[in-house]
Amino acid sequence: MLPSVVLLNPPGTRAWLRDGYCSLEGRWAYRFYPMDLLVQSALLRGKARVTVVEAIGARLSAPAALEAVVAARPALVLALVGSASLAEDAAFLDRVRAALPGCRIVVSGDVAQFSATGATEPEDDVFTAIPAADAALLDFALPGLLDALAGPPETAAGPLWHRGQPRPVVAAPARFAYGLPDYGAFPAAGYTLPYAPGPVGSPLSTYGCSFSCRFCNTGAVDWKVREPEDLAEELRWLDRQGVRHHYLRDATFGADPVHREAVLRVLRDLPGRPRWNTFTRIDLFSRADLRALARAGCAVLQLGLELPDEAVLRALRKPLRLAEVREKIGWARAEGIAVCGHFLLGVPGAPPLPPAAVVDYAVGLGCDFASFNVAAPRPGAPFRHEGGFLGPAAAAAAQAGAMRRFYAHPRVILRQLRRHRRPAQLAHSLRQAAALLTPSAPSPR
């Protein structure tokens, strides 16, 4: 008989994002499949009876989520945990442990990925931070989760780090494949993007990042590319289901030009010709590259643009040139690709830069959408232990003010009106803009 496994995104008082080794408070306008769990649903196909309890996407209360976990009678629970929601996650998993004392609990997320044996701070040691955890999954794109049912091995192997054992060194293959995720097990209605109405696919074409920006932790994750045919099978299945928009969940799409072309070929060959968005760097692309992305259906590029100060960008190990950024964004928009700029506020040690100046930079670049994030001491980020980060109240005020200033700007409103030629598209855009400006507190059921 196959073992019962629960893939758990715990409930929360906010719309927490915990997957892909990121951890922050999200907005209801920007919700997507939790990547760690989606990939594992594919790797577990035919090997376990899988129940997905996606409490954030389904907006489940803590009692309802716990009831769903217990009802599955799991031998193993894989739970997402995040540094931003750490206290809530630990408390909920304590409740899971009390209700299911014989169940193995494995955690994935930034707290697990960037922990170290013998860390001096409790939040830097996953097994201190999450007392209920039996093991940590250190690479969600690799098989081996079910090995946790056997307990700690005599020698470290695979992607699992067991409580009481030294952290293993996980061998990182150059390529990976995981097959077809069980999309039907996830609450698809709970996922939405500002860029397009309707269902959204969530394929991954690369894992980790090949860059090492000082404010980001993803560069510390071993980078590898997905086998193009494995990606093609997932995209063809989504195409047959009528899914016409995809969020390619790469941290930095297209960093390998050869692999990028293989992925674009797959996208161009899909019968339904879906549209898609992805996160990347603008300095990776020439004008011909951007034209190739547009011809393959790219609708939106999410670009880490950070701030309008080249000296600070160099210090952050992201040496963008502002004139090049402006020129290439113009090229992208000329090819019909909308731009979502991601910007950084409150960089510690940098000359003070008012949020309004960053917003005006975003507007002047021609961004159709924008996300303003406050620099934070993220686990695994090179500048984590530097001083000078904004406190919670100041950070929340800076972010909220920047979002309001951007989305209320007449030039941004005019761009949105020009983009949408159908009433349904305009209505979706207006709803999403409102959701981006409101707090993320869920209405649990």
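First things first, this report covers the structure right here in the doc.

The rules behind the values
- Residues numbered from 1 in each chain as written.
- Predicted model: local features only at pLDDT ≥ 70, side-chain atom pairs only at ≥ 80, totals over all residues.
- Heavy atoms only, no water.
- Patch = residues over 30% accessible without salt bridge, like charges linked within 9 Å, V, L, I, M, F, W, Y side chains within 5 Å.
- Areas by Shrake-Rupley, 256 points an atom, 1.4 Å probe, with all protein chains shown as cover.
- Salt bridge = Lys/Arg side-chain N within 4 Å of Asp/Glu carboxyl O.
- Helix = DSSP H or I, 4+ residues; strand = E, 2+ residues; numbered from the N terminus.
- Buried < 20%, exposed > 50% of the residue type's maximum accessible area, 1.4 Å probe, protein only.
- 1 Å grid on protein atoms, 1.4 Å probe; cavity = no way out; pocket = protein on both sides within 12 Å on 5 of 7 lines; lining within 4 Å.
- Points joined across faces, edges and corners; volume = space filled by probe spheres on them.
- Nonpolar A, V, L, I, M, F, W, Y, C, P; charged D, E, K, R; others polar.
- Arc of directions from axis to C-beta.
- Contact = heavy atoms within 4.5 Å.
- Axes fitted to C-alpha atoms, helices over the stretch in contact; angles between N-to-C directions.
- Left-handed = near helix turned anticlockwise from the far one by under 90°.
- Polar contact = N/O pair within 3.5 Å; in protein donor to acceptor, adjacent residues only side chain to side chain.
- Parallel < 35°, antiparallel > 145°, perpendicular 65-115°, else oblique.
- Pairing = 2+ DSSP bridges.
- Right-handed = clockwise from strand over helix to strand, strands pointing away.

### Structural notes on a nonpolar patch on the surface
Part 1 of the reasoning: A contiguous nonpolar patch, built from Ile413, Leu414 and Leu417 and spanning about 250 Å² of accessible area, is present on the exposed surface.
Part 2 of the reasoning: Along the chain, the position of isoleucine 413 falls in helix α13 (residues 410–419).
Part 3 of the reasoning: With relative accessibility at 41%, the residue isoleucine 413 sits in the partly exposed group.

### Description of empty space enclosed by the protein
Part 1 of the reasoning: Per the stated rule, a full pass over the model turns up 1 cavity of 30 Å³ or more.
Part 2 of the reasoning: By volume, the largest cavity amounts to about 50 Å³.
Part 3 of the reasoning: Along the walls of the largest cavity sit Asn9, Trp16, Leu17, Arg18, Asp19, Arg31, Phe32, Tyr33, Pro34, Glu54 and Leu80, which together make up its complete lining.
Part 4 of the reasoning: Looking at the lining of the largest cavity residue by residue, the class counts come to 6 nonpolar, 1 polar and 4 charged.

### Quick word on helix α8 (residues 287–295)
Part 1 of the reasoning: Buried within α8 are the following residues: Leu290, Leu293 and Ala294. Down the axis of α8, the buried side of the element spans an arc of 100 degrees, and every buried residue falls inside it.
Part 2 of the reasoning: Considering only its buried residues, α8 is in contact with α7 (257–268), β13 (275–280), β14 (298–306) and α10 (322–334).
Part 3 of the reasoning: In the stretch just after α8, glycine 297 is the one whose phi turns positive, near 100 degrees.

### A word on the packing of helix α11 (residues 355–365) against helix α12 (residues 392–407)
Part 1 of the reasoning: For the pair α11 and α12, interaxial distance at closest approach is 9 Å and the crossing angle is 35 degrees. Pair α11 / α12 crosses with right-handed handedness. Taking contact as the criterion, the partners of Pro355, Ala356, Val359, Asp360, Ala362 and Val363 in α11 are, on α12, Ala398, Ala402, Arg405 and Phe406.
Part 2 of the reasoning: Its residues assigned to classes, the contact of α11 with α12 shows 8 nonpolar, no polar and 2 charged.

### Regarding the side chain of histidine 245
Part 1 of the reasoning: Looking at the secondary structure, you find histidine 245 in strand β12 (residues 245–248).
Part 2 of the reasoning: The exposure class of histidine 245 is buried, given its relative accessible area of 5%.
Part 3 of the reasoning: There is a polar contact of 2.8 Å between the side chain of histidine 245 and the side chain of asparagine 277.
Part 4 of the reasoning: Once you skip the residues sitting within four places of it in the chain, histidine 245 turns out to touch Leu193, Ala196, Pro199, Val200, Gly201, Pro274, Arg275, Trp276, Asn277 and Ala299.

### Things to note about the pattern of salt bridges
Part 1 of the reasoning: Applying the stated criterion across every chain yields a total of 22 salt bridges.
Part 2 of the reasoning: One salt bridge connects aspartate 134 with arginine 97, and the closest N-O pair in it is separated by 2.7 Å. Pair noted here: aspartate 134 is in the loop between α5 (126–129) and β7 (135–137) and arginine 97 is in helix α3 (residues 86–99), with a separation of 37 residues, a long-range link.
Part 3 of the reasoning: The salt bridge partner of aspartate 289 is arginine 260, with a shortest N-O separation of 3.5 Å. With a gap of 29 residues between them, aspartate 289 in helix α8 and arginine 260 in helix α7 connect regions that are remote in the sequence.
Part 4 of the reasoning: Exposure remark for aspartate 289: the relative accessible area of 23% places this residue in the partly exposed category.
Part 5 of the reasoning: Each of the salt bridges in this network shares a partner with another, and the network as a whole consists of Arg226, Asp230 and Glu234.

### Things to note about the packing of helix α2 (residues 62–71) against α3
Part 1 of the reasoning: For the pair α2 and α3, the least separation of the axes is 11 Å and the interaxial angle reads 40 degrees. In terms of their interaxial angle, α2 and α3 are classed as oblique. Where α2 crosses over α3, the handedness of that crossing is right-handed. Between α2 and α3, the contacting residues are Ala62, Pro63, Ala65, Leu66, Val69 and Val70 on the first element and Phe92, Arg95, Val96 and Ala99 on the second.
Part 2 of the reasoning: Broken down by class, the residue content of the contact of α2 with α3 amounts to 9 nonpolar, no polar and 1 charged.

### Things to note about the pairing of strand β6 (residues 104–108)
Part 1 of the reasoning: Most of β6 is tucked away, with 4 of its 5 residues classed as buried.
Part 2 of the reasoning: With 5 bridges connecting them, strand β5 (residues 76–80) and β6 associate as parallel partners. Looking at the pairing, alanine 79 lines up with valine 107 of β6.
Part 3 of the reasoning: The handedness of the β5 to β6 crossover, carried by α3, is right-handed.
Part 4 of the reasoning: Pairing analysis gives 2 bridges linking β6 to β7, with the strands arranged parallel.

### Examining the environment of leucine 305
Part 1 of the reasoning: Mapped onto the fold, leucine 305 is located in strand β14.
Part 2 of the reasoning: Taking C-alpha positions, leucine 305 is 9.9 Å from threonine 280, a pair spaced 25 residues apart along the chain.

### Here we look at helix α1 (residues 35–43)
Part 1 of the reasoning: For α1, a buried count of 9 out of 9 residues is recorded, marking the element as mostly surrounded by other parts of the structure.
Part 2 of the reasoning: Buried within α1 are the following residues: Met35, Asp36, Leu37, Leu38, Val39, Gln40, Ser41, Ala42 and Leu43.
Part 3 of the reasoning: On its buried side, α1 packs onto β1 (4–9), β5, β6 and β7.

Taken by themselves, the reported measurements are silent on function.
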